[in-house]
Amino acid sequence: MNLVTRDPRTETIRDPSQVLVVGRSPINRVVISKIVERSGLKPISESPDTAAKVLRSLIPGAVVLDGGADNKDCDNLMSGIDALRRASGKSLPPVILLSTKNGTPESLGLSSVIDVVVAKPITPERLQPVIDRLLSR
């Protein structure tokens, strides 16, 4: 864990062991959080409305977004995540979108911020290897 200064007024904590889990459904966030814990990481569960505040003070190791029925539930976070990634000079933090559709971010017409799409239903067998792979790069 280390401190990163984005501008003179704010300090942000970079913690690669934490994963921001964002979704409208509290039940889905619990399920996703349990899978994140199985990877030895610490989940931070937030609704799309409160997640932007977390991203202003923490740069997580990864972000898992539950896109909802139309993949749009977390659209309000894309610009903030994009700004974090540009500031890092790399594609960090990696972003996983949980989707009702199968495909790649490009084939589904999603934001360039999305690294990987995992189709629902969410199971440990589908999501955990993706989290492990993205955080080991």
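Rules and cut-offs
Residues numbered from 1 in each chain as written. Predicted model: local features only at pLDDT ≥ 70, side-chain atom pairs only at ≥ 80, totals over all residues. Heavy atoms only, no water. Helix = DSSP H or I, 4+ residues; strand = E, 2+ residues; numbered from the N terminus. Buried < 20%, exposed > 50% of the residue type's maximum accessible area, 1.4 Å probe, protein only. Contact = heavy atoms within 4.5 Å. pLDDT = per-residue confidence, 0-100. Expected span 1.5 Å × (residues − 1). Arc of directions from axis to C-beta.

1. Things to note about the environment of G68
Reasoning step 1: In this structure, G68 sits in the loop between β4 (58–66) and α3 (78–88).
Reasoning step 2: With a relative accessible area of 10%, G68 lands in the buried category.
Reasoning step 3: Linking G68 and N28, residues 40 residues apart in sequence, is a C-alpha distance of 9.9 Å.
Reasoning step 4: For G68, the residues in contact, after removing those within four places along its chain, are D73, L98, T100 and K120.

2. Regarding the confidence of the model for the protein chain
Reasoning step 1: Averaged over the protein chain, the pLDDT score is 88; the fraction of residues at 70 or greater is 91%.
Reasoning step 2: Throughout residues 1–9 the model reports pLDDT below 50, and contacts reaching past four residues in sequence, or to other chains, amount to 21 contacts.

3. Comments concerning helix α4 (residues 124–136)
Reasoning step 1: When the terminal C-alpha atoms of α4 are compared, their 17 Å separation across 13 residues agrees well with the 18 Å that a helix rising 1.5 Å per residue should span.
Reasoning step 2: Within α4 the residues assigned to the buried category are L127, Q128, V130, I131 and L134. Looking straight down α4, one finds that the buried residues subtend no more than 165 degrees of arc, so they occupy a single side. Away from the buried face of α4 by more than 90 degrees, exposed residues E125 and S136 are located.
Reasoning step 3: Along its buried surface, α4 packs onto α1 (26–38), β5 (95–99) and β6 (116–119).

4. Let's talk about α3
Residues three or four positions apart in an α-helix share a direction because the helix packs 3.6 residues into each turn.
Reasoning step 1: Buried within α3 we find M78, I81, L84 and R85. When α3 is viewed along its axis, its buried side chains cluster within an angular range of 125 degrees and face the same direction. Turned more than 90 degrees from where α3 packs its buried face, S79, R86 and A87 sit exposed.
Reasoning step 2: Among the residues trailing α3, G89 stands out with phi positive, at a value near 75 degrees.

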